[in-house]
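Structure assessment
In case you want the letters, here they are:
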Amino acid sequence: MEFPFAAKVNSEEETARLAGEFSELLQGGEIVALNGDLGAGKTSFIKHLLRNFEIDNVSSPTFAIVNEYQGSLKVNHFDFYRINKVEELYDIGFEEYLTREDTLTFIEWADLLPEVLPSKRIEISFVVNDDFSREISFKNIS
Amino acid sequence: MNVLGIESSCDETSVAVIRDGKLTSNLISSQDFHVKYGGVVPELSSRAHLQIIIPLLKDSLVQAGIGLKDVDVVCATAGPGLIGALLVGLTFGKSLAYSLNKPFIPVNHIEGHIFSGFLMDEKPEFPYLALVVSGGHTLLLIVKSDTEIIKLGTTVDDAAGEAFDKVAKMLGLGYPGGPKIQKAASLGDPEKIHFPVANLKNPYDFSFSGLKTAVLRYLQQTYGKDKAVPDGDMPDIAASFQKAVIKALMQNVEKALKEYKVNSVSLVGGVAANRALREALAQVASKYRKKLVIPDFVYCGDNAAMIAYRGSRLFANGNKYSLDYNAFPGLSSKTFAG
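Residues numbered from 1 in each chain as written. Chains lettered and ligands numbered in written order. Predicted model: local features only at pLDDT ≥ 70, side-chain atom pairs only at ≥ 80, totals over all residues. Heavy atoms only, no water.

Concerning the overall build of chain A
The number of helices and strands found in chain A is 4 helices and 7 strands. Secondary structure elements of chain A occur, N-terminal to C-terminal, as β-α-β-α-β-β-α-α-β-β-β. Taking 142 residues into account, the globule formula puts the C-alpha radius of gyration at 14 Å, and chain A, at 14 Å, falls close to it. Considering only C-alpha atoms, chain A reaches an extent of 40 × 30 × 30 Å along its principal axes. The 142 residues of chain A split such that 54% are buried. When contacts within chain A are restricted to residue pairs at least 6 apart in sequence, those whose partners lie at least 24 apart make up 60%. With an accessible surface of roughly 6,500 Å², chain A has 44% of that area assigned to carbon and sulfur atoms. Side chains of chain A carry 13 positive and 26 negative charges; the gap between the two charge centres is 2 Å. (Helix = DSSP H or I, 4+ residues; strand = E, 2+ residues; numbered from the N terminus. Rg over C-alpha atoms; globule rule 2.2 N^0.38 Å. Buried < 20%, exposed > 50% of the residue type's maximum accessible area, 1.4 Å probe, protein only. Contact = heavy atoms within 4.5 Å. Areas by Shrake-Rupley, 256 points an atom, 1.4 Å probe, with all protein chains shown as cover. Lys, Arg positive; Asp, Glu negative; His and termini not counted. Charge placed at Lys NZ, Arg CZ, Asp CG, Glu CD.)

Things to note about the sheet that holds strand β6 (residues 121-128) of chain A
Residue and element names in this part refer to chain A. Spatially, 7 strands are ordered β1-β7-β6-β2-β5-β4-β3 in an open sheet, and the strand pairing comes out mixed. The sheet is open, and its two edges are formed by β1 (5-9) and β3 (66-70), each paired on a single side. Strand-to-strand twist in this sheet, taken as the mean axis angle between neighbours without regard to direction, amounts to 15°. Across 5 bridges, strand β4 (residues 74-79) lies against strand β5 (residues 104-108) in parallel orientation. Opposite V75, over in β5, you have L104 as the bridge partner. The strands touched by helix α1 (residues 12-23) are β1, β2 (31-36), β6 and β7 (134-141); relative to β1, the strand with the most contacts, the crossing angle is about 160°. (Pairing = 2+ DSSP bridges. Axes fitted to C-alpha atoms, helices over the stretch in contact; angles between N-to-C directions.)

Considering helix α6 (residues 177-185) of chain B
All names here are of chain B. Along α6, the residues classified as buried are G177, I181, Q182, A184 and A185. Mapping the buried residues of α6 onto a view down its axis gives an arc of 165°, with all of them on the same face. More than 90 degrees from the buried face of α6, the exposed residues found are P179 and K183. Check the buried side of α6 and you find it contacts α5 (160-170), α8 (234-259) and α9 (275-287). (Arc of directions from axis to C-beta.)

Details of the interface of chain B and chain A
Opposite the 28 residues of chain B that make contact, chain A presents 28 residues. Contact between chain B and chain A buries roughly 2,400 Å² in total, counting both sides, with carbon and sulfur atoms accounting for 55%. The tally of links between chain B and chain A comes to 1 salt bridge. Between D11(B) and R82(A) there is a salt bridge; the shortest N-O distance is 3.7 Å. Linking chain B to chain A there are 7 residue pairs in polar contact (both at pLDDT 80 or more). Elements supplying a minimum of two residues to the side of chain B that touches chain A: α2 (46-64), α3 (83-100), α5 and α7 (209-223) of chain B. At 5 residues, α7(B) tops the list of elements feeding residues into the side of chain B that touches chain A. (Buried area = accessible area lost by both parts, 1.4 Å probe. Salt bridge = Lys/Arg side-chain N within 4 Å of Asp/Glu carboxyl O. Polar contact = N/O pair within 3.5 Å; in protein donor to acceptor, adjacent residues only side chain to side chain.)

A look at the pattern of salt bridges
All names here are of chain B. Tallied over the full model, the rule gives 15 salt bridges over all chains. We note a salt bridge from D146 to R313, for which the minimum N-O separation is 2.6 Å. In this pair, D146 sits in the loop between β7 (138-143) and β8 (149-154) while R313 sits in helix α11 (residues 305-316), placing the two residues 167 residues apart along the sequence. Exposure remark for D146: the relative accessible area of 9% places this residue in the buried category. Accessibility expressed as a relative area gives 27% for R313, which makes it partly exposed. One salt bridge in this structure joins D158 and K212, with 2.9 Å as the shortest N-O distance. Of this pair, D158 sits in the loop between β8 and α5 while K212 is found in helix α7, placing the two residues 54 residues apart along the sequence. Both residues of the pair, D158 and K212, belong to the buried class. Salt bridges linked by common partners bring E111, D146, R310 and R313 together as one network.

Concerning the side chain of S264(B)
All names here are of chain B. In this fold, S264 is placed in strand β9 (residues 264-268). Exposure remark for S264: the relative accessible area of 0% places this residue in the buried category. Here the side chain of S264 touches E125 through a polar contact of 2.8 Å, landing on its backbone nitrogen. The contacts of S264, once residues within four sequence positions are left out, are P124, E125, P127, Y128, L129, K290 and K291.

With respect to the domain arrangement of chain B
Many descriptions give the size of an interface as the accessible area lost when the pieces come together. Residues and elements named next belong to chain B. The domain architecture assigned to chain B consists of domain 1 (2-114 + 299-333) and domain 2 (123-294). Computed from C-alpha coordinates alone, the two centres of domain 1 and domain 2 are separated by 28 Å. With 12 residues of domain 1 in contact, the opposing surface of domain 2 contributes 16 residues. A combined buried area of about 1,100 Å² lies between domain 1 and domain 2, and 62% of that area is made up of carbon and sulfur atoms. The three residues of domain 1 that bury the most area against domain 2 are H113, I114 and C300, which together make up 50% of that side's buried surface. In this assembly, domain 1 and domain 2 are joined by 2 salt bridges. The tally of links from domain 1 across to domain 2 stands at 4 residue pairs in polar contact (both at pLDDT 80 or more). Of all the secondary structure elements, the ones that give two or more residues to the side of domain 1 that touches domain 2 are α4 (109-114) and α11. (Domains from an automatic or database assignment.)

Some thoughts on the environment of G89(B)
All names here are of chain B. In this structure, G89 sits in helix α3. Distance in space between the C-alpha atoms of G89 and I6 is 6.1 Å, their sequence separation being 83 residues. When neighbours within four sequence positions are excluded, G89 is seen to be in contact with I6, S8, I53 and A76.

Concerning the nonpolar core
In terms of nonpolar packing, the biggest core is built from 106 residues, with F45(A), L50(A), F80(A), F106(A), I124(A), F241(B) and M250(B) touching the most fellow members. With 14 residues, the top contributor of residues to this core is α8(B). Structurally, this core is a two-domain feature, drawing no fewer than three residues from each of domain 1 (2-114 + 299-333) and domain 2 (123-294) of chain B. The contact partners of F80(A), leaving out residues within four places of it in the chain, are L89(A), F94(A), I107(A), E108(A), W109(A), A110(A), L112(A), L113(A), V116(A) and L117(A). (Core = buried A, V, L, I, M, F, W, Y, C linked by side-chain atoms within 4.5 Å.)

As structure tokens, this is what we get:
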């Protein structure tokens, strides 16, 4: 997979395969921002992806704001959906989370607070097509 | 004996006092206190907890009719929750216990909910089946005693309350989703649309992400992408969605009642405020001839009364904790469920 990259997926299985492919590029320390509407498949994608790192307890971080997992590497799984203001994010120590260099970080609904995103990151966007297939595109931002 | 409870795991700050086994005060920040203690409080701010916790403590003690020096045990939520929010109540509680030279009891927030039925006059009888449904958690458990809890299942993706919030958002009903969906659903036909209930590897687990997607798919197919739902169709969609959530919950409750011998069933957590869910569980409980305990609304949401109660039991059972006890944000560490 080379960025920018885009694929159309028609099923959960295809999403899982794409997530698996993408996971091979990750070593820890990356920041991955995920954007897309409710039900577009952001959490699902992460769930499939993290199976490759021996993590199988991924659930939605919407309520908790951040879930932490430990598998073959450390993962922070953020969700900005419920955040109203940047201050709230700083309040839970967002900056400290990002300083952990060996940790893989996911941020769902990242586009809600673009000002806090690190300048170097991978962005994945999810678009639901009319026939309910998904357009998943990846790009590198640096 | 006077037990002080402190809760600050998420949006609400709360302080409660239990005097000789009787709840004498339970003040919760979301209930009028924002106005009293200074304007609008941001939803997810540990600063908000900080600002309000001392006035809440003072008022709570006054209401209970005791002074600070009369407090015998201090209990505070240690997790799960938002780390910044948790630390406020936990550190405050520990400092208070230290300065008063009284024992400190850290309490698991979910265990607080699980035992919240004991705040009622009609209490659950061990062993009982507990269904915890809130914005952040969906759990089915067998509670054998004060000290033995067996987790049967949990959500593999979204919590039940989260599904309500997100579907309400898709329908354009606004926040908070639970009451909005309930209101719309009360006028609708729950049989109108068939939304699926997930089948999972562990028969006691729950999944609501697929249901959320099914609603999205239905909206997109019926109205086209990004189009508003006509007001007239709202009630049927809300009712059909609500029915699917309740069906998923009741299915597992029934499975558990067939498999395990229990005396009572208890529904706890914020989503326990949903009327249709309460009615559905009442039917299941009566079918299996189990005593049903659903706490009053004020004990369903986050509150310190349940923290004080749970802490008082931990204390009564002889548990001791040191003051370096740390907050734990996740459900997976230091919990019964881990």
